[in-house]
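# Analysis of the macromolecular model
This is what each chain is made of:
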Amino acid sequence: MDLTTVRWFLAVAEHGHVTRAAAELRVSQPGLSRAVARLERELGAALFDREGRNVRLSRYGEVFREHARRLVAEDDAARRALAQAADPGQGEIRLGFLHTQGASLVPDLIRRYRERYPRVTFRLLQDSSARMTAALRTGEADLAIVSPRPDDPVFSWRPLVVERLLLAVPAGHRLARRRRARLADAAGEPFIAMRPGYGLRAITDELTRQAGLRPEIAFEGEEISTVCGLVGAGLGVAIVPPPPQGEGVRHLVLGDTAASRTVGLAWVTSRTRTPAVENFLAFAAADR
């Protein structure tokens, strides 16, 4: 059903006169009459009773007018929503991020962005790198802050920050008095690590491999606070990102060349992004 014709029908119903409705709509009277006649044929019902030069809604027209109003209202609402989505100064950004970025990077980034664009809202999703890339694939997230860089070519990526990784050891550990250490210094120690599927777990596995270690993974966690808590309990050592956290834990700067991770924004290259998402992407990249 042509919504333009539905709007014309409502104008005729309001005026009760085809010529006056045509003048308001700035269309020809014969063209308006033909459009209404086509609508009546399509619906299989006479919508107007003719009374000389005037017209009055028939019983069928009364029924159709309520539906027509809803159709037009839905169309108007859809157009308003699209106009808002096309405005970089408003709309919603669905942002996924790692647990480790929820304390400082993400809140600070959102706060400063909303100082410029207060009408933009955020829907946040926090989980592992694997979960974040899955959310990007399904469209649940527009952007995701993850590490390491996704290796699937479906994703684009912009680095935001490079973090120097730390070795967390119990306060009474043999290495606890040092300020720096190499992973080789932790040979033979049990390790606390994130569960498989987390970016930090992949980095831990790669760094220990490069250091020639085959560590026993004593415990696995889903949050850095849990990992550091287990280290503080004396159950092992762990590779963690800054900032340091956990009671009874000492944090040593890792001297291994590759002991860092790059945190960045990922998105699906081929997916259409709203101006608000594009604007935030440019802001985040330029800010770092």
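For the structure, see preceding data.
These notes cover the structure that comes with them. The structure presented is a predicted model; accordingly, all values stated were derived computationally and were not measured.

Thresholds applied
- Residues numbered from 1 in each chain as written.
- Predicted model: local features only at pLDDT ≥ 70, side-chain atom pairs only at ≥ 80, totals over all residues.
- Heavy atoms only, no water.
- Buried < 20%, exposed > 50% of the residue type's maximum accessible area, 1.4 Å probe, protein only.
- Helix = DSSP H or I, 4+ residues; strand = E, 2+ residues; numbered from the N terminus.
- Pairing = 2+ DSSP bridges.
- Core = buried A, V, L, I, M, F, W, Y, C linked by side-chain atoms within 4.5 Å.
- Contact = heavy atoms within 4.5 Å.
- Axes fitted to C-alpha atoms, helices over the stretch in contact; angles between N-to-C directions.
- Phe/Tyr/Trp six-rings, centres within 6.5 Å; stacked < 30°, edge-to-face > 60°.
- Parallel < 35°, antiparallel > 145°, perpendicular 65-115°, else oblique.
- Nonpolar A, V, L, I, M, F, W, Y, C, P; charged D, E, K, R; others polar.
- Expected span 1.5 Å × (residues − 1).

### What to know about the pairing of strand β5 (residues 143–146)
By the alternation rule, side chains of β5 split into L143 and I145 and A144 and V146, which are all buried. As defined by bridge partners, strand β3 (residues 90–97) adjoins β5 across 3 bridges and the pair is classed as parallel. Paired with G96 across the two strands is A144, which belongs to β5. Taken together, the 3 bridges between β5 and strand β13 (residues 260–268) define a ladder with antiparallel strand orientation. Considered in β13, the bridge of V146 is made with G264.

### Here we look at the nonpolar core
Ranked by internal contacts, the top residues of the largest apolar core, which has 30 residues, are L165, L167, L183, L207, I239, V240 and L254. Of all the secondary structure elements, the ones that give two or more residues to this core are β7 (166–170), β9 (191–194), α7 (199–210), α8 (224–232), β11 (238–240) and β12 (249–254). For L165, the residues in contact, after removing those within four places along its chain, are L200, I203, L207, I239, V240, P241, L252, V253, L254, A259, S260 and R261. One finds F97, I110, L143 and A276 within the second-largest nonpolar core, a separate group that totals 22 residues.

### A look at the sheet that holds β5
Sheets are built from strands that pair by backbone hydrogen bonding, the pairs being arranged parallel or antiparallel. Strand order in the open sheet formed by 5 strands is β4-β3-β5-β13-β6, and the pairing between neighbours is mixed. For this open sheet the edge positions go to β4 (119–126) and β6 (155–164), each flanked by a neighbour on one side alone. Neighbouring strand axes in the sheet, compared pairwise and without regard to direction, differ in orientation by 20° on average. Relative to the sheet, helix α5 (residues 105–116) contacts β3, β4, β5, β6 and β13, its axis offset from that of β4 by approximately 170°.

### What about the packing of aromatic side chains?
Under the criterion given, the structure shown has 7 aromatic pairs. Judged by centre distance (4.9 Å) and plane angle (35°), the rings of Y113 and Y117 are tilted. Put simply, the rings of Y113, Y117, F122, F280 and F283 touch in pairs and so form one group of aromatic residues.

### Re the packing of helix α2 (residues 18–25) against helix α3 (residues 29–43)
How two helices sit against one another is set out by the angle between their axes and by the gap between those axes. It is at 9 Å that the axes of α2 and α3 come closest, and there the two elements cross at 105°. Relative to α3, the element α2 is oriented roughly perpendicular. From α2, V18, T19, A21, A22 and L25 reach across to α3, where they touch Q29, L32 and S33. Its residues assigned to classes, the contact of α2 with α3 shows 5 nonpolar, 3 polar and no charged.

### Some points on the side chain of E189
Its location among the elements puts E189 in the loop between β8 (180–181) and β9. Sequence-distant contacts of E189, defined by excluding residues within four places in its chain, comprise H173, R174, P215, E216 and V237.

### Some thoughts on α7
Its 12 residues place the ends of α7 17 Å apart at the C-alpha level, agreeing with the 16 Å of an ideal helix rising 1.5 Å per residue. Of all the positions in α7, only G199, L200, R201, I203, T204, L207 and T208 are classed as buried. Where α7 is buried, its residues touch α6 (129–138), β9, β10 (217–221), α8, β11 and β13. Directly after α7, the chain includes G212, whose backbone phi takes a positive value near 80°.

### Comments concerning the pairing of β12
Pairing geometry for β7 and β12, over 5 bridges, is antiparallel. From the neighbouring strand, A168 faces β12, where its bridge partner is H251. With 2 bridges joining them, β8 and β12 adopt parallel strand pairing. In the strand pairing of β12, R180 is matched with V253.

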